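Residue-level listing of the chains:
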Amino acid sequence: MHDHPTSLYDLTHDQLAALLNGWGYSAYHAGLVWEKLYQQRAQSPVEMGDLRPDLLARLQAHTVLNRLDTQLDTASSDGFARKFLLRLPDNQTIETVLMRFEGREGEARATACVSTQAGCAMGCVFCATGQMGFTRHLSPGEIVAQVLHVDGILQASGERLRNIVFMGMGEPLHNYEGVMTAVAILTDHKGLAIAPKHITLSTVGVVPGIIRMADEASPIRLAVSLHGATDAERQALVPPARRWPLAELMDACRYYLAQRKRRIFFEWTLIAGENDTPEQAHALGGLLQGMAAHVNLIPLNPTTGYGGEPSHSRAAKQFQAILARYDLPSTMRQRRGIDIAAGCGQLKAEGLTR
Ligand code: SAH
Ligand code: SF4
């Protein structure tokens, strides 16, 4: 049988130790390799030159280090977003976005917006990724490699990557294993050591995945995309809302809050005349009242497959004011990188054909 090379970025520290143990090397050597990968950021086995030659030869024979090739690198005119079209080993392409937010002290806080699937199976009507359909899950290593890509760009300018959001292409809880393995790799103390509280997973509302995160005490933050506060409104925008109605979704959220005791972000794309009405705001207020919740409002970003318009600022402000009456904190998401289609829901990997 042909021996398929292992992609090193697919492995957690423990899995790497098990692989090397099978070759007769102690955990000490696995620790050295791990350091080369995630502290010295070696890009090829050759850069791990000071390992024992026999171990290096094994690694070269049986493993690969799959960095992702950059197909396109575009900066937004507002200077806050940079979008990378990256090629996977099977020639699929995905998009990864580097965003910068002004922190309170004026410092730039860098965030990587990472894809978890090539395409998406959920079919939300206003989302470019949903409009393109599902191709496949990303492996843990393909998720990690996106982070390393952004990290490398930041390192060149002396910056540090602080935050990761799983808000790129795909539904992360549809690729639960791949995403959670990537989280274990990214948060490893002896590796990139990204703080779990600086990682946010956004889901369209995959109920079994939310329950599993609660049961497994996943340390990362959870965001749930609502977009509608009644089943009828939500189902019109988000097809999986038929499978997991609001009552079930909110039960799962309450279960998560009881287990994790950490607030949930609820995302709401504001679409003019569709879900930005006072009725929907009151319904949302009623739905979330008393919960440890924070609402992120995102004015609709344009996509070719959906004709809706972003809410006018008056309707958006009124929406927010109604939520405040229910003691619900909310934030209006700033529009970033719209001119390069790097905004929420605009990721499509259409590359050079645009
Ligand atoms: N699949 C996950 C994460 C990716 S999308 C999810 O759906 O939650 C990240 C956020 O962008 C989601 O809240 C999504 O609903 C929202 N979004 C999708 N298309 C959008 C658009 N055209 N304009 C604004 N927000 C959009
Ligand atoms: Fe998939 Fe999220 Fe887009 Fe819906 S909004 S199609 S779940 S990526």
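Above this text sits the structure in question.
All figures in this text were calculated on a predicted structure; none of them were measured in a lab.

### Let's talk about the site of ligand 1
Then comes step 1: The full set close to ligand 1 counts 21 residues, and Phe126, Ser202, Ser225, His227 and Asn301 are the nearest of them.
Then comes step 2: Between ligand 1 and the protein, one listed contact pairs an oxygen atom with a side-chain N or O atom of Ser225 at 2.6 Å.
Then comes step 3: Between ligand 1 and the protein, one listed contact pairs a nitrogen atom with a side-chain N or O atom of Thr269 at 3.1 Å.
Then comes step 4: The fraction of the free accessible surface of ligand 1 (530 Å²) that becomes covered by protein chains is 96%.
Then comes step 5: Where the shell around ligand 1 is concerned, the elements lending two or more residues are strand E10 (199-203), strand E12 (264-270) and strand E13 (293-299).
Then comes step 6: Here the residues of the shell around ligand 1 are counted per class, giving nine nonpolar, 10 polar and two charged.

### Here's the deal with the packing of aromatic side chains
Then comes step 1: One pass over the structure, following the stated rule, counts four aromatic pairs.
Then comes step 2: Look at Phe126 and Tyr306: their rings are 6.4 Å apart centre to centre, the planes differ by 65°, and that puts the pair in the edge-to-face class. With Phe126 in the loop between strand E7 (117-119) and helix H4 (128-132) and Tyr306 in the loop between E13 and helix H11 (313-325), this residue pair connects regions lying 180 residues apart in the sequence.

### Some words on the packing of helix H10 (residues 278-288) against H11
Then comes step 1: One can describe the packing of H10 onto H11 by two numbers: an axis separation of 9 Å at closest approach and a directional angle of 30°. Between H10 and H11, the angle falls in the class roughly parallel. As for the relative orientation of H10 and H11, their crossing is right-handed in sense. Residues Pro278, Gln280, Ala281, His282, Leu284 and Gly285 of H10 touch H11, and the partners they reach there are Gln318, Phe319, Ile322, Leu323 and Arg325.
Then comes step 2: Residue classes in the contact of H10 with H11 are distributed as six nonpolar, four polar and one charged.

### Brief notes about the side chain of Lys36
Then comes step 1: Mapped onto the fold, Lys36 is located in helix H2 (residues 27-38).
Then comes step 2: Of the polar contacts made by the side chain of Lys36, one reaches the side chain of Gln40; its length is 3.4 Å.
Then comes step 3: Sequence-distant contacts of Lys36, that is, excluding residues within four places in its chain, are made with Arg41, Ala42, Met48, Asp50 and Leu51.

### So, the packing of helix H5 (residues 140-156) against helix H6 (residues 176-187)
Then comes step 1: Running from N to C, H5 and H6 cross one another at 45°; their axes reach a closest spacing of 8 Å. If you check the angle between H5 and H6, you find them oblique. Note on packing geometry: the crossing formed by H5 with H6 is right-handed. For the pair formed by H5 and H6, the contact residues are Pro140, Ile143, Val144 and Val147 on the first element and Gly178, Val179, Thr181, Ala182, Ile185 and Leu186 on the second.
Then comes step 2: Of the residues contributing to the contact of H5 with H6, the split by class is eight nonpolar, two polar and no charged.

Thresholds applied
Residues numbered from 1 in each chain as written. Chains lettered and ligands numbered in written order. Predicted model: local features only at pLDDT ≥ 70, side-chain atom pairs only at ≥ 80, totals over all residues. Heavy atoms only, no water. Near = heavy atom within 4 Å. Polar contact = N/O pair within 3.5 Å; in protein donor to acceptor, adjacent residues only side chain to side chain. Areas by Shrake-Rupley, 256 points an atom, 1.4 Å probe, with all protein chains shown as cover. Helix = DSSP H or I, 4+ residues; strand = E, 2+ residues; numbered from the N terminus. Nonpolar A, V, L, I, M, F, W, Y, C, P; charged D, E, K, R; others polar. Phe/Tyr/Trp six-rings, centres within 6.5 Å; stacked < 30°, edge-to-face > 60°. Axes fitted to C-alpha atoms, helices over the stretch in contact; angles between N-to-C directions. Parallel < 35°, antiparallel > 145°, perpendicular 65-115°, else oblique. Left-handed = near helix turned anticlockwise from the far one by under 90°. Contact = heavy atoms within 4.5 Å.

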